[in-house]
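Coordinate analysis (summary)
These are the residues of each chain, in order.
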Protein chains: 2
Amino acid sequence: MSFKRTSITSDPKAIASTPDALDTFVPYLMNRIARRYNVGVEDKVRSKGLNVPRLRVLAALAVEGSKSVNDLSVYAISEQSTISRLLDQMTQEGLVERKPNPNDNRSRVISLTPLGYETYQSTFPIMLAAEADMMQGFSPAERAMALEFLQRMLNNIRQSDI
Amino acid sequence: MSFKRTSITSDPKAIASTPDALDTFVPYLMNRIARRYNVGVEDKVRSKGLNVPRLRVLAALAVEGSKSVNDLSVYAISEQSTISRLLDQMTQEGLVERKPNPNDNRSRVISLTPLGYETYQSTFPIMLAAEADMMQGFSPAERAMALEFLQRMLNNIRQSDI
């Protein structure tokens, strides 16, 4: 049950005739799991007027602290073209605010407002419970190994230092 | 460096004050990795008029065979509301076709056309190379364990039998 990676060859027919299941392809499983987690969490926060992109901004700022828009787009897994618009909306909703960068007066950083922090606090247990569902049956050692694997994968393919 | 899962409590301040890094939260890493993989692959297939949703349909049908629209929406990680429109476009583009279900004459299944299969064959090496980048430095035993972990996570949270 594998894609038979040994069959990488210049003959496309030889490649295409070998795979016999999607669930032996790591990125496929990763996308299936991420999507299911996101849909599950979104279902639980929709009534609070939240969605996954908003949750990511709230969690990134709550956990990692105030950030420039550029850095926040990486932490919050958002395209730069969409995060500016999202941050405008979240500013109007009173969840985030733009403040002068304490390290550089000429630039600004995005911070959580008290309402934004409170909103994060009310949704964090939902995310934690969704992770617990996902990791059911994992021993602490297996969980630690899964985290290490995922951190190595991210290090292998990330484009920024974050 | 953890969210200190032992601190789940009714006091939201106690919860929210503990996390100190996003990269110890499994679903966060999963979303970061999946996004980076998707963007990387999409960059490489855009010139062929393809994108991630199209690739998923091609790969699902090539690997798993003809499928009903419902099953295909699960395999191809697509919402049912969007996959019908996508399949209409891909039918017009000559990549897929609707055929009578050999097991049930009253229903129909989606199949790859020869052009669809050829397109899959030309993009499969790109996906395989992207997976190889992601899994750089993993021994065969580590790769097998990573796959097993991911399969267990998907089993824990999936809503369908697929």
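Presented here is a report on the structure given in the accompanying data block. (Residues numbered from 1 in each chain as written. Chains lettered and ligands numbered in written order. Predicted model: local features only at pLDDT ≥ 70, side-chain atom pairs only at ≥ 80, totals over all residues. Heavy atoms only, no water.)

As for unusual backbone geometry
Residue and element names in this part refer to chain A. One non-glycine residue with positive phi stands out, namely Ile77, at about 50°. With respect to the helices and strands, Ile77 occurs in the loop between helix 4 (69-75) and helix 5 (80-92). The exposure class of Ile77 is buried, given its relative accessible area of 7%. (Helix = DSSP H or I, 4+ residues; strand = E, 2+ residues; numbered from the N terminus. Buried < 20%, exposed > 50% of the residue type's maximum accessible area, 1.4 Å probe, protein only.)

Side note on the pattern of salt bridges
A complete count under the given rule lists 18 salt bridges over all chains for this structure. For the salt bridge of Glu79 of chain B with Arg35 of chain A, the shortest nitrogen-to-oxygen distance reads 3.7 Å. Of this pair, Glu79 of chain B sits in the loop between helix 4 (69-75) and helix 5 (80-92) while Arg35 of chain A sits in helix 2 (residues 26-45), each in a different chain. For Glu79 of chain B, a relative accessible area of 45% corresponds to the partly exposed category. For Glu148 of chain B, the salt bridge goes to Arg152 of chain B, with nearest N and O atoms at 3.1 Å. (Salt bridge = Lys/Arg side-chain N within 4 Å of Asp/Glu carboxyl O.)

Notes on helix 7 (residues 140-157) of chain B
Helix length check: helix 7 of chain B, at 18 residues, gives a terminal C-alpha distance of 26 Å against a target of 26 Å (1.5 Å per residue), a fit within 8%. Here helix 7 of chain B has its buried residues at Arg143, Ala146, Leu147, Phe149, Leu150, Met153, Leu154 and Ile157 of chain B. Down the axis of helix 7 of chain B, the buried set is contained in an arc of 160°. They therefore lie on one face. When the buried face of helix 7 of chain B is taken as reference, the exposed residues oriented beyond 90 degrees from it are Pro140 and Ala141 of chain B. Of the surrounding secondary structure, the elements contacted by the buried residues of helix 7 of chain B are helix 2, helix 6 (114-134) and helix 7 (140-157) of chain A together with helix 2 (26-45) and helix 6 (114-134) of chain B. (Expected span 1.5 Å × (residues − 1). Arc of directions from axis to C-beta. Contact = heavy atoms within 4.5 Å.)

A word on the interface of chain B and chain A
Each partner contributes residues to the interface: chain B has 69 residues there, and chain A has 69 residues. In this assembly, chain B packs against chain A so that about 6700 Å² is buried in total across both faces, 70% of it on carbon and sulfur atoms. The largest contributions to the chain B side of the interface with chain A come from Arg32, Ile77 and Ile157 of chain B, which together make up 10% of the buried area. Here chain B and chain A share 4 salt bridges between them. Here Arg152 of chain B and Glu142 of chain A are joined by a salt bridge, their closest N and O atoms 3.0 Å apart. In this structure, the connection of chain B to chain A is made through 26 residue pairs in polar contact (both at pLDDT 80 or more). Where the side of chain B that touches chain A is concerned, the elements lending two or more residues are helix 1 (12-16), helix 2, helix 3 (52-64), helix 4, helix 6 and helix 7 of chain B. (Buried area = accessible area lost by both parts, 1.4 Å probe. Polar contact = N/O pair within 3.5 Å; in protein donor to acceptor, adjacent residues only side chain to side chain.)

Function cannot be inferred from these measures alone, as they are strictly geometric.
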